[in-house]
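Descriptive analysis of the structure
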Amino acid sequence: MNNFSFSKPDSFIFKNRKIGIVAFPNAQSLDISGPFEVFSFANCTLQMLGLSEQSIYTVKVLADTPGAVTTMSGLQIIADEAYGALDSQFDTLLIAGGNISGELSNVKLLDWIKAMAPKVNRLASVCTGAFLLAESGLLDGCKATTHWHYCQQFARNYPRVKLEPDHIFVRDGHIFTSGGITSGIDLALAMLEDDWGQELALYVARFLVVFLKRPGGQSQFSSYLTCEASHRPDLRELQTWIMAHTSEDLHVDMLAERMAMSPRNFARLFLAETGITPAKFVEMARIDQARHWLETTEIAVETIAGKAGFKDPERMRRAFIRQLGVNPQNYRQRFSKAIAD
């Protein structure tokens, strides 16, 4: 703490902010505890600095009824209050994710979220909590994200939402959505930075040993190739073939010829079925192949670039930066099993 200096941001407003985190049976415990710890440690830091004698953030866990809530892992979290009261006052309302299948038909919860939306300064979700916001109609026409594994399902169920699957978190107006599980920490840090500025948020992030702004998106942690054609078995077969032959010439004309189609019709069909262009899919397949070798071998990056179909390391580097937000060397440092062993 002796090395920490703090200056208030220009937009600083000294106020107590009440944070509500909605829990339910089979919620993901880290979706709740991660943001909770960010705000709680911010309280400790501000008190140690002498800037506040009391907690600036009052964090309450909300559930159908007060008391124990059993999460997906079996860990029980104690809810402070029931979420049903329409006169509840919160600055920020955060919806946890987890196994939300039962909550999608929970009219009491959905109606309450919808009623609270215009009353809070910030409405947010972690992970699959975005499904509850979307089911309430609150994300229609908005940009949003959710856990990478559930993005295809989300897009099918809620076509009016402008899904951005690779983002750690997305802000659209006063509504925030975040990606997979630990992204709730990223989201809470972003809110802390909005409230108190970068210095305090960076200090909290360093103490928690996390990035203040994590480099790259969700795709660096996912299997990434989640754009399978849903209605055309012949396209799925082509995709499988592409992933097994990334080192070959995979221009659109050649792929169209394999499908016995004109390049123009093939490109249109591929985009309609998968949501991405053939060229983007080929690049993703090559990145996925390169990732496998980076993670599991000590093969030189230059050799991997050729084996994956990038021809030269610079092309692979640009593709990694464009799609994953990190270069191949940094990716290997983070995820290499060979180095770890």
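Going by the annotation in an unreviewed UniProt entry, the name recorded for the protein is AraC family transcriptional regulator, with Methylomonas methanica given as the source organism.

Observations concerning the overall build of the protein
If you tally the helices and strands in the protein, you get 14 helices and 11 strands. Counting all 341 residues of the protein, 48% fall into the buried class. Partitioning the contacts of the protein with sequence separation of at least 6, the portion at a separation of at least 24 is 64%.

Section: the packing of helix H10 (residues 278-296) against helix H13 (residues 328-335)
Packed helix pairs are characterised by how far apart their axes lie and by the angle those axes make with each other. Close contact between H10 and H13 brings their axes to 8 Å; oriented N to C, the two are set at 50°. Taken together, the axes of H10 and H13 lie oblique to each other. Here H10 runs over H13; the crossing is right-handed. For the pair formed by H10 and H13, the contact residues are Arg291, Trp293, Leu294 and Glu295 on the first element and Pro328, Tyr331, Arg332 and Phe335 on the second. In the contact of H10 with H13, the residues fall into 5 nonpolar, no polar and 3 charged.

Concerning the pairing of strand S4 (residues 76-79)
Going residue by residue along S4, you find Ile77 and Ala79 tucked away on one face and Gln76 and Ile78 left uncovered on the opposite face. Pairing of strand S3 (residues 67-70) with S4, which is carried by 4 bridges, proceeds in the antiparallel orientation. Each residue of the ladder has a partner; that of Val69, found in S4, is Ile77.

Digging into unusual backbone geometry
Its identity as a non-glycine residue notwithstanding, Cys127 has a phi of 60°, on the positive side. Looking at the secondary structure, you find Cys127 in the loop between strand S7 (122-125) and helix H3 (129-135). The exposure class assigned to Cys127 is buried, which follows from its relative accessible area of 5%. Phi at Lys311 takes a positive value of approximately 75°, unusual for a residue other than glycine. Following the sequence through the fold, Lys311 ends up in the loop between helix H11 (301-308) and helix H12 (313-324). Its relative accessible area of 53% is what places Lys311 among the exposed residues.

Brief notes about the environment of Asp249
Tracing the chain through its elements places Asp249 in the loop between helix H7 (233-244) and helix H8 (252-258). Between the C-alpha atom of Asp249 and that of Gly309, which follows or precedes it by 60 residues, the distance is 8.0 Å. A distance of 3.1 Å separates a polar atom in the side chain of Asp249 from a polar atom in the side chain of His251.

Digging into the layout of surface pockets
Taken as a whole, the second largest pocket encloses approximately 320 Å³ of empty space. Residue lining of the second largest pocket: 14 residues in total, with Val282, Arg286, Gly309, Phe310 and Arg315 positioned closest to the centre. Of all the secondary-structure elements, those providing two or more residues to the lining of the second largest pocket are H10 and H12. Residue composition of the lining of the second largest pocket, grouped by class: 5 nonpolar, 2 polar and 7 charged.

A word on the pattern of salt bridges
A side chain of one charge can pair with a side chain of the opposite charge when the charged atoms of the two come close. Taken as a whole and judged by the stated rule, the model has 14 salt bridges. A salt bridge links Arg171 to Asp194; the shortest N-O distance between them is 2.9 Å. Placement of the pair is Arg171 in strand S10 (residues 169-172) and Asp194 in helix H5 (residues 183-196), with a sequence separation of 23 residues. Salt-bridge contacts for Asp312 lead to Arg315; the nearest nitrogen and oxygen are separated by 3.4 Å. Classification of Asp312 as partly exposed rests on a relative accessible area of 26%. When salt bridges with common partners are traced through the structure, they connect Arg17, Asp91, Arg122 and Asp195 into a single cluster.

Considering the environment of Gln323
By the element assignment, Gln323 lies in helix H12. We classify Gln323 as buried; its relative accessible area is 9%. Separated by 43 residues in the primary sequence, Gln323 and Lys280 place their C-alpha atoms 9.8 Å from one another. Engagement of the side chain of Gln323 in a polar contact is seen with the side chain of Glu283, the distance being 2.8 Å.

Looking at the packing of aromatic side chains
In this structure the tally under the stated criterion is 11 aromatic pairs. Here the aromatic rings of Phe320 and Tyr331 are separated by 6.0 Å at their centres, their planes lie at 80°, and the arrangement is edge-to-face. A residue pair is termed long-range when its members are at least 10 positions apart, and Phe320 in helix H12 and Tyr331 in helix H13 qualify at 11 residues. Like Phe320, the residue Tyr331 is buried in the burial classification.

Points about the nonpolar core
Within the largest apolar cluster, 65 residues are counted, with the highest numbers of intra-cluster contacts made by Tyr57, Leu93, Trp112 and Leu192. Sorting elements by how many residues they give to this core places H5 first, with 7 residues. Among all residues touching Tyr57, those that are not within four sequence positions of it are Asn16, Arg17, Ile19, Phe39, Ala42, Asn43, Leu192, Asp195 and Trp196. Within the second largest apolar cluster, 16 residues are counted, among which are Ile242, Leu250, Phe266 and Val282.

With respect to the packing of helix H1 (residues 29-48) against H5
One way to put it is that H1 packs onto H5 with a least axis distance of 7 Å and a crossing angle of 35°. Both H1 and H5 take part in a crossing whose hand is right-handed. Contacts between H1 and H5 pair Gly34, Pro35, Val38, Phe39, Ala42 and Leu46 from the former with Gly184, Ile185, Ala188, Leu189, Met191, Leu192 and Trp196 from the latter. Considering only residue class, the contact of H1 with H5 consists of 11 nonpolar, 2 polar and no charged.

Procedures and definitions
- Residue positions within a chain follow its written sequence, with the count starting from 1.
- With the structure being a predicted model, the display of local features is reserved for residues of pLDDT at least 70 and the display and counting of side-chain atom pairs for 80 or more, all residues being used for whole-chain, interface and lining totals.
- Here the side-chain values reflect all heavy atoms present in the structure, with hydrogen atoms and water set aside.
- In this text, helices come from DSSP runs of H or I with a minimum length of four residues, and strands from runs of E with a minimum of two, each type numbered from the N-terminal end.
- Exposure classes here rest on a 1.4 Å probe applied to the protein chains alone. A residue is buried below 20% of its type maximum, exposed above 50%, and partly exposed in between.
- We call two residues contacting when some pair of their heavy atoms lies within 4.5 Å.
- Between N-to-C directions, angles span 0 to 180 degrees; the directions come from axes that are lines fitted to C-alpha atoms, helices contributing only their stretch in contact.
- When an angle is under 35 degrees it counts as roughly parallel; over 145 it counts as roughly antiparallel; between 65 and 115 it counts as roughly perpendicular; any other value is oblique.
- Helix crossings are classified by the rotation of the near helix relative to the far one: an anticlockwise turn of less than a right angle makes the crossing left-handed, while a clockwise turn makes it right-handed.
- Throughout, the ten residues Ala, Val, Leu, Ile, Met, Phe, Trp, Tyr, Cys and Pro are labelled nonpolar, Asp, Glu, Lys and Arg are labelled charged, and all others, Gly among them, are labelled polar.
- Pairing between two strands is assigned when DSSP locates at least 2 bridges connecting them.
- Within 3.5 Å is the distance limit for a polar contact, defined as a pair of N or O atoms, with the added protein rule that one can donate a hydrogen and the other accept it, and that residues adjacent in sequence qualify only through two side-chain atoms.
- A pocket, in this scheme, is an open set of points on a 1 Å grid over the protein atoms alone with protein on both sides within 12 Å along at least 5 of 7 lines, while a cavity is a set where a 1.4 Å probe fits but cannot get out; residues line either one if an atom lies within 4 Å of a point.
- Grid points are joined across faces, edges and corners, and a volume is the space filled by probe spheres set on the points.
- A carboxyl oxygen of Asp or Glu within 4 Å of a side-chain nitrogen of Lys or Arg is what we treat as a salt bridge.
- Aromatic rings from Phe, Tyr and Trp, taking only the six-membered ring of Trp, are treated as a pair when their centres fall within 6.5 Å; an angle between ring planes under 30 degrees marks them as stacked, one over 60 as edge-to-face, and anything in between as tilted.
- The criterion is simple. A nonpolar core is a set of buried Ala, Val, Leu, Ile, Met, Phe, Trp, Tyr and Cys residues joined through side-chain atoms within 4.5 Å.

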